Amino acid sequence: LEALKEPCKVTLYSDSKYLVDAFNEGWIYSWRDAGWKRGKDELKNPDLWARLYELTEKNKVEFIWVKGHDGHEYNERCDKLATSFADSFNTEI
């Protein structure tokens, strides 16, 4: 979303039900209004939620949930990319 040069209509697929529901169920607005808190507790990764929220305000984003590891072509591809990237870090001390 950050790479978009002008406002666009975007369909965002995610296997994170939490992410999709945050936007589709409107939780994101109450979190924002509460200073990125969820009830009395601070939301995890508030900087990322705020950043994503700002990007959805600039673009028309439709969030669609897909079941992870269920053969969805692009979800499987993203999983491979993310896993490969994470594995590329040398964790030896």
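### Overview of the environment of Lys17
Relative to the elements of secondary structure, Lys17 occurs in helix 1 (residues 17-24). Of the residues examined, Lys17 reaches a relative accessible area of 44% and is grouped as partly exposed. Along the backbone, Lys17 and Gly68 are 51 residues apart, and their C-alpha atoms lie at a distance of 9.8 Å.

### A closer look at helix 3 (residues 46-58)
Between its first and last C-alpha atoms helix 3 spans 19 Å; for 13 residues at 1.5 Å apiece the expected length is 18 Å, and the two agree. Every buried residue of helix 3 is accounted for by Trp49, Ala50, Leu52, Tyr53, Leu55 and Thr56. Residues of helix 3 that are buried in the fold lie against helix 1, helix 2 (27-33) and strand 4 (60-65).

Parameters at a glance
Residues numbered from 1 in each chain as written. Predicted model: local features only at pLDDT ≥ 70, side-chain atom pairs only at ≥ 80, totals over all residues. Heavy atoms only, no water. Helix = DSSP H or I, 4+ residues; strand = E, 2+ residues; numbered from the N terminus. Buried < 20%, exposed > 50% of the residue type's maximum accessible area, 1.4 Å probe, protein only. Expected span 1.5 Å × (residues − 1). Contact = heavy atoms within 4.5 Å.

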